[in-house]
Amino acid sequence: MSLSPSSPPSPPGEHAERLTLPWWLWLGGVAVAVLLAVEIWMGAPGLRAWLPFVVLLPATVAGLWWLGRIRVAVGDGELRVDDARLPVRFVADVVPLDAEGRREVLGVGADPLAFVVQRPWVSGAVQVLLDDPADPTPFWVVSTRHPVRLAAALLAARDAATGRRETVSAEAADPTGG
């Protein structure tokens, strides 16, 4: 697969995606809204007959857009999932999950304190294990279409952040340089 000149490759530790709905969910949602509007249209005379189309179709499109609004990104030293932010320095490990792995992690024995952003139409996910003694959240589970890429980006960002932090700590520990 070659990249076009207009889309330069992202630097290591960077990842961005939007968890949009697949086309078949858009088609099904709009079809149900049209069917409901037609049912109401058949029972109402005059101008009120068109009101269901004016209300239901835009409301359905807005609702479907809202369901697919979630963005997942790694950059600037943090994992961003919608409006939640996790500094990568607290990432202990990242496990890419397929559909079966996600089902196991979120199944009967799931930890109720886990932070979960799951979209059923996205089969992959990552489990981000945390190393923050001040936070009771043991891990995050985040849906993604590219679990291996997201895991690699998180680990690269974490390594870059901890590498800079270790350098600063070593310089702060010995200010004379000797």
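A brief look at the structure comes next. (Residues numbered from 1 in each chain as written. Predicted model: local features only at pLDDT ≥ 70, side-chain atom pairs only at ≥ 80, totals over all residues. Heavy atoms only, no water.)

### Notes on the pattern of salt bridges
Inspection of the entire model under this criterion finds five salt bridges. The residue Glu 100 makes a salt bridge to Arg 103 at a minimum N-O spacing of 2.5 Å. In this pair, Glu 100 and Arg 103 both sit in helix α3 (residues 99-105), three residues apart, roughly one turn of the helix. Relative accessible area serves as the criterion here: at 48%, Glu 100 is assigned to the partly exposed category. The structure contains a network of salt bridges with shared partners spanning Glu 78, Arg 80 and Arg 85. (Salt bridge = Lys/Arg side-chain N within 4 Å of Asp/Glu carboxyl O. Helix = DSSP H or I, 4+ residues; strand = E, 2+ residues; numbered from the N terminus. Buried < 20%, exposed > 50% of the residue type's maximum accessible area, 1.4 Å probe, protein only.)

### Some thoughts on the sheet that holds strand β6 (residues 115-117)
Spatially, the four strands line up as an open sheet ordered β5-β7-β8-β6, and their pairing is mixed. Each edge of the open sheet carries a strand with a single partner, namely β5 (91-97) and β6. Ignoring which end each strand starts from, the neighbouring axes of this sheet average 10° apart. Taken together, the three bridges between β6 and strand β8 (residues 139-143) define a ladder with parallel strand orientation. By the bridge assignment, Phe 115 is partnered in β8 with Trp 140. (Pairing = 2+ DSSP bridges. Axes fitted to C-alpha atoms, helices over the stretch in contact; angles between N-to-C directions.)

### Thoughts on the pairing of strand β7 (residues 125-130)
On a regular strand, one side chain projects to one face of the sheet and the next to the other, so that they alternate. Counting buried positions over the six residues of β7 gives five, a clear majority of the element. Relative to β7, β5 is paired through six bridges, and the arrangement is antiparallel. The partner of Leu 97 across the bridge, within β7, is Ala 125. Pairing of β7 with β8 involves five bridges; the strand directions are antiparallel. Bridging from a neighbouring strand, Leu 129 pairs with Phe 139 of β8.

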